[in-house]
Amino acid sequence: MARLLRVALVVLATLLFPPQAFAATAPDEILSDPALEARARALGKELRCLVCQNQSIDDSDADLARDLRRIVRERLVAGESDREVKEFLVARYGDFVLLEPPVRPDTWLLWGGPAAVASLGLVAIGIYLRRRRPVDDGAVPLTEAERRKLARLLDRDGGARS
């Protein structure tokens, strides 16, 4: 019952206070043109906060993220395209400023590294399983005389139980 109540409270809080209400963009940063503001917010979600490193500049409260949001909005107001704004920031801060770096020869390891490591792990597990020897429990096969004796004992016990 308590768990159900907690879930209901989380759902209610999400409905009353959507996550967008907690965005880091300050009211004085918001552009008066809704189309430009929408572009700025979309760009802000694609750019990394260089201080937080795992947050977009749209979600970060860091001073540098605030400065980057200001730069994005200034360049959009100046008439630059989204691509031009990104190119400016990449020229200034490097590919690290992008939350999703481009795929090109110098980033192949970044993109293919996890798959390569997982593949190597699977190959290692396969090799281990193939080379694994069956457990020797020390059992020695019965001789023919032992088998006959066992068969007689089982026949005799089986007949007594009937």
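Residues numbered from 1 in each chain as written. Predicted model: local features only at pLDDT ≥ 70, side-chain atom pairs only at ≥ 80, totals over all residues. Heavy atoms only, no water.

**Student:** Whenever I open this one, the nonpolar core confuses me. Can you help?
**Tutor:** Inside soluble globular proteins, nonpolar side chains tend to come together where they are buried. Residues Leu47, Ile57, Val72, Leu76, Val85 and Leu89 are the most contacted members of the largest nonpolar core, which totals 18 residues. At the level of secondary structure, the elements contributing two or more residues to this core comprise helix H2 (34-46), helix H3 (63-77) and helix H4 (82-93). Counting residues per element, this core draws most heavily on H3, which supplies 5 residues. If sequence neighbours within four positions are ignored, Leu89 has contacts with Leu47, Leu68, Ile71, Val72, Gly94 and Val97. (Core = buried A, V, L, I, M, F, W, Y, C linked by side-chain atoms within 4.5 Å. Buried < 20%, exposed > 50% of the residue type's maximum accessible area, 1.4 Å probe, protein only. Helix = DSSP H or I, 4+ residues; strand = E, 2+ residues; numbered from the N terminus. Contact = heavy atoms within 4.5 Å.)

**Student:** Explain the packing of aromatic side chains to me, please; I cannot follow it from the model alone.
**Tutor:** Under the definition given, this model contains 0 aromatic pairs. Its end group placed over the ring of Phe96, Arg48 keeps NZ or CZ at 4.5 Å from the ring centre. Above the face of the Phe88 ring, Arg75 is positioned so that its terminal group lies 3.4 Å from the ring centre. (Phe/Tyr/Trp six-rings, centres within 6.5 Å; stacked < 30°, edge-to-face > 60°. Lys NZ or Arg CZ within 6 Å of the ring centre and 35° of its normal.)

**Student:** How do you make sense of the packing of H3 against H4 when you look at a structure like this?
**Tutor:** Each pair of packed helices can be summarised by the angle the axes make with each other and by the distance between the axes. Close contact between H3 and H4 brings their axes to 9 Å; oriented N to C, the two are set at 140°. Considering the angle they form, H3 stands oblique to H4. The crossing of H3 and H4 is right-handed. Residues Leu64, Leu68, Ile71, Val72, Arg75 and Leu76 of H3 form the contact with H4, whose participating residues are Asp82, Val85, Phe88, Leu89, Arg92 and Tyr93. Class assignment of the residues belonging to the contact of H3 with H4 gives a composition of 9 nonpolar, no polar and 3 charged. (Axes fitted to C-alpha atoms, helices over the stretch in contact; angles between N-to-C directions. Parallel < 35°, antiparallel > 145°, perpendicular 65-115°, else oblique. Left-handed = near helix turned anticlockwise from the far one by under 90°. Nonpolar A, V, L, I, M, F, W, Y, C, P; charged D, E, K, R; others polar.)

**Student:** For this particular structure, what's the right way to read the state of the cysteines?
**Tutor:** Put plainly, two cysteines are in a disulfide when a covalent bond ties their sulfur atoms together. Inspection of every chain in the model, using the stated rule, returns 0 disulfides. With no disulfide of its own, Cys49 lies closest to Cys52 among cysteine sulfurs, the gap being 3.4 Å. (Disulfide = S-S within 2.5 Å.)

**Student:** I'm lost on a nonpolar patch on the surface in this one. Help?
**Tutor:** The grouping of Val103, Trp108, Leu110 and Trp111 at the surface amounts to a nonpolar patch, some 470 Å² of accessible area in total. Position of Trp108 among the secondary structure elements: in helix H5 (residues 108-131). (Patch = residues over 30% accessible without salt bridge, like charges linked within 9 Å, V, L, I, M, F, W, Y side chains within 5 Å. Areas by Shrake-Rupley, 256 points an atom, 1.4 Å probe, with all protein chains shown as cover. Salt bridge = Lys/Arg side-chain N within 4 Å of Asp/Glu carboxyl O.)

**Student:** Help me understand the pattern of salt bridges, please; the structure alone is not making it clear to me.
**Tutor:** Between side chains of opposite charge, a pair can form when the charged atoms approach closely. Using the criterion set out here, one finds 12 salt bridges in the structure. Of the charged contacts in the structure, one is a salt bridge between Glu74 and Arg70, with a shortest N-O distance of 2.9 Å. A residue pair is termed a helical-turn pair when its members lie 3 or 4 positions apart in one helix, as Glu74 and Arg70 do in helix H3 at 4 residues. Classification of Glu74 as partly exposed rests on a relative accessible area of 45%.

**Student:** How should I be thinking about the packing of H2 against H3 in this particular structure?
**Tutor:** Running from N to C, H2 and H3 point in directions that differ by 140°, and their axes come no closer than 10 Å. Viewed along their axes, H2 and H3 adopt a mutual orientation that is oblique. By crossing handedness, the relation of H2 to H3 is classed as right-handed. Seen from H2, the contacting residues are Leu36, Glu37, Arg39, Ala40, Arg41 and Leu43; seen from H3, they are Val72, Arg73, Leu76 and Val77. Tallied by class, residues from the contact of H2 with H3 come to 6 nonpolar, no polar and 4 charged.

**Student:** Hey, could you run me through the side chain of Ser56 in this one?
**Tutor:** Residue placement: Ser56 occurs in the loop between H2 and H3. With residues up to four places along the chain from it excluded, the contact list for Ser56 reads Gly44, Lys45, Leu47, Arg48, Cys49 and Leu99.

**Student:** Looking at this structure, I do not really get H3. What am I missing?
**Tutor:** Every α-helix carries 3.6 residues per turn, so stepping three or four residues along brings you back to the same face. When the terminal C-alpha atoms of H3 are compared, their 21 Å separation across 15 residues agrees well with the 21 Å that a helix rising 1.5 Å per residue should span. The set of residues buried in H3 consists of Ala65, Leu68, Arg69, Ile71, Val72, Arg73 and Leu76. Looking at the buried positions of H3, the neighbouring elements they touch are H2 and H4. Positive backbone phi, at 100°, marks Gly79, one or two positions downstream of H3. (Expected span 1.5 Å × (residues − 1).)

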